[in-house]
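# Inside the fold
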Amino acid sequence: MPRPATPPPSVSARLLSVLEAFGPGSPRLTLSEISRRTGLPLTTAHRLVGELAAWGGLERDGEGRYQIGLRLWEIGALAPRGLGLRETAMPFLEDLYEATHENVQLAVLDGNDSVFLERLSGREAVHVFTRVGGRLPAYATGVGLVMLAYASHEVQEAAISLPLKRFTEKTIPNGAALRRVLADVRRQGFAISDGQIELIAVSVAAPVRGPDDSVVAAISVVVPSENGDAYAHLPAVRAAARGISRALGAPSARRPPGSVRRETFSAPG
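This is a predicted model, so every value here is computed, not measured. (Residues numbered from 1 in each chain as written. Predicted model: local features only at pLDDT ≥ 70, side-chain atom pairs only at ≥ 80, totals over all residues. Heavy atoms only, no water.)

### Some words on helix α2 (residues 31-38)
- Considered for burial, the residues of α2 that qualify are Leu31, Ile34, Ser35 and Thr38. Viewed along the axis of α2, the buried residues span an arc of 100°, placing them on a single side of the element. Exposed residues on α2 whose side chains face more than 90 degrees from its buried face are Arg36 and Arg37.
- Contacts made by the buried residues of α2 are with α1 (11-20), α3 (42-55) and β2 (66-68). (Buried < 20%, exposed > 50% of the residue type's maximum accessible area, 1.4 Å probe, protein only. Helix = DSSP H or I, 4+ residues; strand = E, 2+ residues; numbered from the N terminus. Arc of directions from axis to C-beta. Contact = heavy atoms within 4.5 Å.)

### Considerations on the side chain of Ser245
- Relative to the assigned elements, Ser245 resides in helix α9 (residues 234-248).
- Residue classification places Ser245 among the buried positions, given a relative accessible area of 5%.

### A closer look at the packing of α1 against α3
- Axis separation between α1 and α3 bottoms out at 10 Å; the angle between their running directions is 80°. The angle between α1 and α3 places the two elements in the roughly perpendicular class. Every residue of α3 that contacts α1 at Arg14, Leu15, Val18 and Leu19 is listed here: Thr44, Arg47, Leu48, Val49 and Leu52.
- Class assignment of the residues belonging to the contact of α1 with α3 gives a composition of six nonpolar, one polar and two charged. (Axes fitted to C-alpha atoms, helices over the stretch in contact; angles between N-to-C directions. Parallel < 35°, antiparallel > 145°, perpendicular 65-115°, else oblique. Nonpolar A, V, L, I, M, F, W, Y, C, P; charged D, E, K, R; others polar.)

### Thoughts on the confidence of the model for the protein chain
- When pLDDT is averaged along the protein chain, the result is 84, and 85% of the positions lie at 70 or above.
- Of all helices and strands in the protein chain, the one with the weakest mean pLDDT is helix α4 (residues 70-76) (76), whereas helix α6 (residues 142-149) scores best (95).
- Note that residues 259-269 has pLDDT below 50 and, in this model, 34 contacts with residues that lie over four places away or in other chains. (pLDDT = per-residue confidence, 0-100.)

### Points about the pattern of salt bridges
- As enumerated under the stated definition, the model contains 10 salt bridges in all.
- Salt-bridge contacts for Arg86 lead to Glu118; the nearest nitrogen and oxygen are separated by 2.6 Å. Residue Arg86 is found in helix α5 (residues 83-100), and its partner Glu118 is found in strand β4 (residues 113-120); the two are separated by 32 residues along the sequence.
- Put simply, Arg28, Asp61, Glu63 and Arg65 are held in one network by salt bridges that share partners. (Salt bridge = Lys/Arg side-chain N within 4 Å of Asp/Glu carboxyl O.)

### Some points on the nonpolar core
- By size, the foremost hydrophobic cluster in this structure holds 29 residues, and its most contacted members are Leu93, Leu96, Val104, Leu106, Ile192, Ile219 and Val237.
- Within the residue set of this core, elements represented by two or more residues are α5, β3 (103-110), β4, β7 (201-209), β8 (215-224) and α9.
- With six residues, α5 is the single largest residue contributor to this core.
- Residues contacting Val104, with those up to four places away along its chain left out, are Leu93, Leu96, Tyr97, Glu118, Arg119, Leu120, Ser220 and Val221.
- Counting residues in each nonpolar core, the second largest holds 27 residues, with Leu148, Ile160, Val181 and Val185 among its members. (Core = buried A, V, L, I, M, F, W, Y, C linked by side-chain atoms within 4.5 Å.)

### Quick word on the environment of Leu96
- Mapping Leu96 onto the fold places it in helix α5.
- Leu96 sits 143 residues away from Ala239 along the chain, and the two C-alpha atoms are 8.9 Å apart.

Structure follows, in structure tokens:
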């Protein structure tokens, strides 16, 4: 008996595939490249790209290539986990940057990824792969480990069950090791992530809590691994996270902070 034919993708699915063709490594694409990346016929890609451009979702540069338009940025800025949180956090992030002159980051958890809402960086700061609007696997970032540690059991188990890509020899190698690390982060109340994405960088991260005291975001300072003690930045990071939490109305942020236990973790090889 023949199998039923697979229904063709909907118009909305095809429109989304056009937008998903763009990425950090391909911010500008020709019509032919969009057609090839989406698997859409050139005539279909031309029609959909034209509709998106007329609406403002795509723009065309002087060389005839397409890029994401401002209309999408305007809509994306309305996301409550982005704009409101970022505006509340910015004064504290700026203070943290002035205190450290290192990379300062604000992120939220989206599925198994850390999505970065803001990054402040100086010319002398250590290189990082993060960018505003970018994402990295949560298990391999300080902010991600903090947010996973306080996430629901279902979210944690989903992250633990996945194969973990190793960026360096220090990246957490498997789910069993990740489970142990998350327990350490919950016990300590912060994360020191050493060399998981790049060996030259260490992330010092702390949780940001919302009005119901749940962890809604995390902030971090990323410093060179070869210079100084990452723990030297921990009081400033925790103070900034506490300030943001207090501004968001977190009840626990009004209580005196606990003492810092000097512990860290290393990813088992």
